[in-house]
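# Coordinates in review
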Amino acid sequence: EDYKGVNIDYSILRASKADREYISQKLDERKKVYTEYLVKEATSKSKKIIIYGAGKKGTRDFNILMNRADVQIVAWVDVDWENKIKAGLPVISLKEALKKNYDYMYISIVSDMVIIKNYLAECGVDKTRVIFSLDDVI
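Report on the accompanying structure. It should be emphasised that the depicted structure is a prediction, and the values quoted were computed from it without experimental measurement.

This part is about the nonpolar core. Core analysis: the largest hydrophobic core is formed by 15 residues, its most contacted members being Ile-50, Tyr-52, Met-105, Ile-107 and Leu-120. When residues of this core are traced back to their parent elements, those giving at least two are β1 (47–52), β2 (71–77), α5 (94–97), β3 (104–107) and α6 (113–122). Here this core takes three residues from β2, the largest share from any one element. Sequence-distant contacts of Met-105, defined by excluding residues within four places in its chain, comprise Ile-50, Tyr-52, Leu-94, Leu-98, Leu-120, Val-125, Arg-129, Val-130 and Ile-131.

Let us now look at the pattern of salt bridges. Under the definition given, this model contains five salt bridges. Taking the shortest distance from any N to any O, the salt bridge between Asp-61 and Lys-57 comes out at 3.1 Å. Of this pair, Asp-61 and Lys-57 both sit in helix α3 (residues 56–66), four residues apart, which is roughly one turn of the helix. Using a relative accessible area of 0% as the deciding quantity, one classes Asp-61 as buried. By relative accessible area, which is 21% here, Lys-57 ends up partly exposed. Across the salt bridge formed by Asp-61 and Arg-60, the nearest N and O atoms sit 3.2 Å from each other. Take Arg-60: its relative accessible area is 44%, and that puts it in the partly exposed class. By sharing partners, the salt bridges in this structure join Lys-57, Arg-60 and Asp-61 into a single network.

This paragraph deals with the sheet that holds strand β4 (residues 130–131). The four strands are arranged β2-β1-β3-β4 in an open sheet whose pairing can be described as parallel. In this open sheet, the two edge strands, each paired with only one partner strand, are β2 and β4. Relative to β3, β1 runs parallel, the two sharing four bridges. By the bridge assignment, Ile-49 is partnered in β3 with Tyr-104. Sitting on the sheet, α3 touches β1, β2 and β3, and the angle it makes with β2 is about 155°. Strands in contact with α6 are β1, β3 and β4; relative to β3, the strand with the most contacts, it is inclined by about 150°.

Definitions and cut-offs
- Residues numbered from 1 in each chain as written.
- Predicted model: local features only at pLDDT ≥ 70, side-chain atom pairs only at ≥ 80, totals over all residues.
- Heavy atoms only, no water.
- Core = buried A, V, L, I, M, F, W, Y, C linked by side-chain atoms within 4.5 Å.
- Buried < 20%, exposed > 50% of the residue type's maximum accessible area, 1.4 Å probe, protein only.
- Helix = DSSP H or I, 4+ residues; strand = E, 2+ residues; numbered from the N terminus.
- Contact = heavy atoms within 4.5 Å.
- Salt bridge = Lys/Arg side-chain N within 4 Å of Asp/Glu carboxyl O.
- Pairing = 2+ DSSP bridges.
- Axes fitted to C-alpha atoms, helices over the stretch in contact; angles between N-to-C directions.

Shown next, in the form of structure tokens:
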């Protein structure tokens, strides 16, 4: 009986070396497209976060959140942003951060929470978008 090409594994084994390389290349391209799609889907559903604070706690939280697919850090802010940039951190000013599209501003400092929340409200940040716990983010 003639082989009808029903078993893909057997079909690939019977293919020439050039055909197997072509098939492998096409499969890799499809995997790449699918992976890019999954990343795009995860990003579109992720929470867009501004991190406020680039001290020890802020740096730790930044590193934690950078590795999460369900969180997109749109900005990292610190009052001492100029010195933080000189130290090599990707920090921007609050004024620049507020121009970005975000869901929440995560306060990542250990003191003066009420003062910071009031200061942010004065700068135009909606108090309902200010969060203080990583549990509220992840």
